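Below, each chain spelled out in residue letters.
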Amino acid sequence: SNSYFDDTDIHMHVPDGATSKDGPSAGVTMVTAMLSLATDKPIKSDLAMTGEVSLTGKVLAVGGIKEKTMAARRAGIKTIVLPEDCRRDWDELPDYLKDGLDIQFASDYSSVYDVAFGR
């Protein structure tokens with residue numbers, strides 16, 4: 001039995017009115033990082049993800065898919081998790097950006113969890 005949440009207080013403040021494009025896109029990443037810490041389960045180092053997450057676990061669309069894909073390639077990322085609602089943005093990218101990447105689309109957080117923790 002893991003007592004992480006019994007022994008640890010967590011406060012995340014993501015202020016309304018934050019710089020646009022700062023914060024909401026990292027929702028699935030922040031949830032995954034907290035779960036990794038709480039469960040002591042590592043996440044593979046060649047995984048990137050983006051997507052806003054609702055309180056009910058729905059993964060919401062974000063912008064900047066081209067720029068995020070380019071950054072992931074530069075960092076040596078092999079697998080990217082994108083919101084399902086960003087599939088059209090992905091499809092419009094040139095093939096040279098998409099080649100060699102394993103893209104997983106998620107509409108709810110359970111899909112992100114499966115990719116991140118290998119369930």
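Since this is a predicted model, take the numbers as computed values, not measurements.

How each quantity is defined
- Residues numbered from 1 in each chain as written.
- Predicted model: local features only at pLDDT ≥ 70, side-chain atom pairs only at ≥ 80, totals over all residues.
- Heavy atoms only, no water.
- Core = buried A, V, L, I, M, F, W, Y, C linked by side-chain atoms within 4.5 Å.
- Buried < 20%, exposed > 50% of the residue type's maximum accessible area, 1.4 Å probe, protein only.
- Helix = DSSP H or I, 4+ residues; strand = E, 2+ residues; numbered from the N terminus.
- Contact = heavy atoms within 4.5 Å.
- Salt bridge = Lys/Arg side-chain N within 4 Å of Asp/Glu carboxyl O.
- Pairing = 2+ DSSP bridges.
- Arc of directions from axis to C-beta.
- Polar contact = N/O pair within 3.5 Å; in protein donor to acceptor, adjacent residues only side chain to side chain.

(A) Summary view of the nonpolar core. Counting residues in hydrophobic clusters, the biggest one holds 14 residues, and the most contacted among them are Ile65, Ile80, Leu82, Trp90 and Ile103. The set of elements that each furnish at least two residues to this core consists of α3 (65-74), β4 (79-83) and β5 (102-106). Excluding residues that lie within four positions of it along the chain, isoleucine 103 makes contacts with Ile80, Leu82 and Trp90. The next biggest cluster of nonpolar side chains, apart from the first, holds 11 residues, and it includes Val28, Leu47, Val59 and Tyr109.

(B) Up close: the pattern of salt bridges. Using the criterion set out here, one finds 3 salt bridges in the structure. Glutamate 92 is the partner of arginine 88 in a salt bridge, and the nearest nitrogen-oxygen pair spans 3.3 Å. For the pair shown, arginine 88 and glutamate 92 are each scored as exposed.

(C) Broad picture of the pairing of β4. Among the 5 residues that make up β4, 5 are buried, leaving the element largely enclosed by the rest of the structure. As defined by bridge partners, strand β1 (residues 47-49) adjoins β4 across 3 bridges and the pair is classed as parallel. Paired with alanine 48 across the strands is isoleucine 80, a residue of β4. Across 5 bridges, β4 lies against β5 in parallel orientation. Of the residues in β5, the one forming a bridge with leucine 82 is phenylalanine 105.

(D) Just the environment of aspartate 89, in detail. Within the secondary structure, aspartate 89 is located in helix α4 (residues 87-91). Taking the C-alpha atoms as reference points, aspartate 89 and lysine 66, 23 residues apart in sequence, are found 7.8 Å from one another. Ignoring sequence-local partners within four residues, the contact set of aspartate 89 consists of Val62 and Ile65.

(E) How the structure looks around the environment of valine 62. As for its position among the elements, valine 62 is in the loop between β3 (59-60) and α3. Assessed through its relative accessible area of 11%, valine 62 is described here as buried. Considering only alpha carbons, one finds valine 62 and alanine 26, 36 residues apart in sequence, at a separation of 9.5 Å. Once residues lying within four places of it in the same chain are set aside, the contact partners of valine 62 are Ser25, Thr50, Gly51, Glu52, Lys68, Pro83, Cys86 and Asp89.

(F) Spatial organisation of helix α6 (residues 109-117). Along α6, the residues that are buried comprise Tyr109, Val112, Tyr113, Ala116 and Phe117. Angular distribution of buried residues about the axis of α6 spans 105°; they occupy a single face of the element. On its buried face, α6 sits against α2 (27-39), β1, β2 (52-53), β3, β4 and β5. One or two steps after α6, the chain reaches glycine 118, where phi turns positive at roughly 65°.

(G) Quick peek at the side chain of threonine 50. Tracing the backbone shows threonine 50 in the loop between β1 and β2. In this structure the side chain of threonine 50 is engaged in a polar contact, spanning 3.2 Å, whose partner is the backbone oxygen of serine 25. Reaching out from threonine 50, the side chain makes a polar contact with the side chain of lysine 68 at a distance of 3.2 Å. In this view, threonine 50 contacts Ser25, Val28, Val62, Ile65, Lys68, Val81, Leu82 and Pro83; residues no more than four positions away in its chain are not counted.

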